[in-house]
Amino acid sequence: MQTQTEKNSSSPFHTALRVALAYFIVSILWIGLSDRILEILFVEQKNLSWAQTWKGWFFVVTTALALFLVLLRNGLIMEKAFQKTKENELRFRSLFEKIPSVAVQGYTSGGEVIYWNKASSRLYGYDASEVEGCLIEDLILPLNQREEEKKSMNAWIRGEATIPAGEVIRIRKDGSPISVYSARVKIESLEKKVEVYILDIDLTALKRAEEQLRLAEVVFDCSADGVIVTDADNVIVSVNDSFCRISGYLRDDLLGKTPNVFSSGRHTYSYFAQMWKE
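Residues numbered from 1 in each chain as written. Predicted model: local features only at pLDDT ≥ 70, side-chain atom pairs only at ≥ 80, totals over all residues. Heavy atoms only, no water.

A. Broad picture of the overall build of the protein. Across its full length, the protein holds nine helices and seven strands. The buried share among the 278 residues of the protein stands at 25%. In the protein, 35% of the contacts between residues at least 6 apart in sequence involve partners at least 24 apart. For the protein, the accessible area works out to roughly 19,500 Å², and carbon and sulfur atoms hold 62% of it. (Helix = DSSP H or I, 4+ residues; strand = E, 2+ residues; numbered from the N terminus. Buried < 20%, exposed > 50% of the residue type's maximum accessible area, 1.4 Å probe, protein only. Contact = heavy atoms within 4.5 Å. Areas by Shrake-Rupley, 256 points an atom, 1.4 Å probe, with all protein chains shown as cover.)

Here it is in structure tokens:
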């Protein structure tokens, strides 16, 4: 079964074939029938020659006009499709420029830069004018990853491998490494050439937040003071070891409960007063 792409690609050929067959059939009928009609209408040879001459000119003008109209129609259709594609391309490029947090770069199948939005300039330090025509491996790929990245990219473009989105290390203009979440997509340009677009999101803030969270967890677990954490509904979601040691409760006995559990009668009021004092 033909795919939609195959059908679309064969459509111009089928259209041209139909036009050629129609022209051939009309020409045969015109030549055969018109000569016979003229022979009936014009008995004298002089008048017949004159009529055949005008018949020939009429055929030339008519077919030229018909061919012009057919080509004009097809040209207008192609121009409309081309303009629509260009409008879509401009629309998406404008969208890419207005997304401040997503760095978008466009490359040829050989890795040459053809598009570089403002977010990419902020992320990597290169202006668009600096990178146009440069290779991706010379700009943002770590030296020890360049060959492997190039092989993977070529295999992906040929459809022989997949490159899942995920966290990768890239290099800024100043040589400093940066962690980004990267995804890529390949499309076919108006010139039927493969183009690759890569979308990168800076993970620096996320990494910093993760580091602060790890530090907070260390402080929480190692603190000599008893610490209890509740959510917005006053449900206990975490307690540290010091709290369990001071209160005598096991962690599993507290998680999912509210602080009202401390009024269960297990300990006296003076015990808790002493515990909070400590």
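B. Broad picture of the packing of aromatic side chains. What the rule picks out here adds up to three aromatic pairs. With 6.4 Å between their ring centres and 50° between their planes, tyrosine 115 and tyrosine 197 make a pair best called tilted. With tyrosine 115 in strand β2 (residues 113-116) and tyrosine 197 in strand β5 (residues 194-202), the pair connects residues that are 82 residues apart, well separated along the chain. There is no split in this pair, since tyrosine 115 and tyrosine 197 are both buried. Members of the aromatic cluster, each reached through a chain of ring pairs, are Trp116, Tyr124 and Tyr126. (Phe/Tyr/Trp six-rings, centres within 6.5 Å; stacked < 30°, edge-to-face > 60°.)

C. Summary view of the pairing of strand β3 (residues 166-171). Both β3 and strand β4 (residues 177-188) contribute to a ladder of six bridges, which runs antiparallel. Looking at β4, one finds that arginine 170 is bridged to isoleucine 178. Connecting β3 to the antiparallel partner β4 that follows it, the hairpin turn spans five residues, and glycine 175 within it adopts a positive phi of roughly 90°. (Pairing = 2+ DSSP bridges.)

D. Region of the structure containing the side chain of serine 179. Within the secondary structure, serine 179 is located in strand β4. In contact with serine 179, not counting residues within four places along its chain, are Glu167, Val168, Ile169, Ile201, Asp202, Leu203, Thr204 and Lys207.

E. View of the nonpolar core. Of all hydrophobic cores here, the largest spans 20 residues; its most connected members are Tyr107, Trp116, Tyr124, Leu139 and Ile140. Going through the elements one at a time, β1 (103-108), β2, α3 (118-124), α5 (146-157), β4 and β5 are the ones with two or more residues in this core. Those residues in contact with leucine 139, other than ones at most four positions away along the chain, are Val113, Trp116, Tyr126, Val131, Cys134 and Ile171. One finds Val239, Phe243, Leu254 and Val261 within the second-largest nonpolar core, a separate group that totals eight residues. (Core = buried A, V, L, I, M, F, W, Y, C linked by side-chain atoms within 4.5 Å.)

F. A look at the pattern of salt bridges. The full count for this structure, using the stated rule, is six salt bridges. Across the pair arginine 158 and glutamate 160 runs a salt bridge, and its minimum N-O distance is 3.1 Å. A relative accessible area of 55% places glutamate 160 in the exposed class. Between arginine 251 and aspartate 241 there is a salt bridge whose closest N-O contact spans 2.7 Å. Taken as a pair, arginine 251 in helix α8 (residues 251-254) and aspartate 241 in helix α7 (residues 241-247) lie far apart in primary sequence, ten residues in all. (Salt bridge = Lys/Arg side-chain N within 4 Å of Asp/Glu carboxyl O.)

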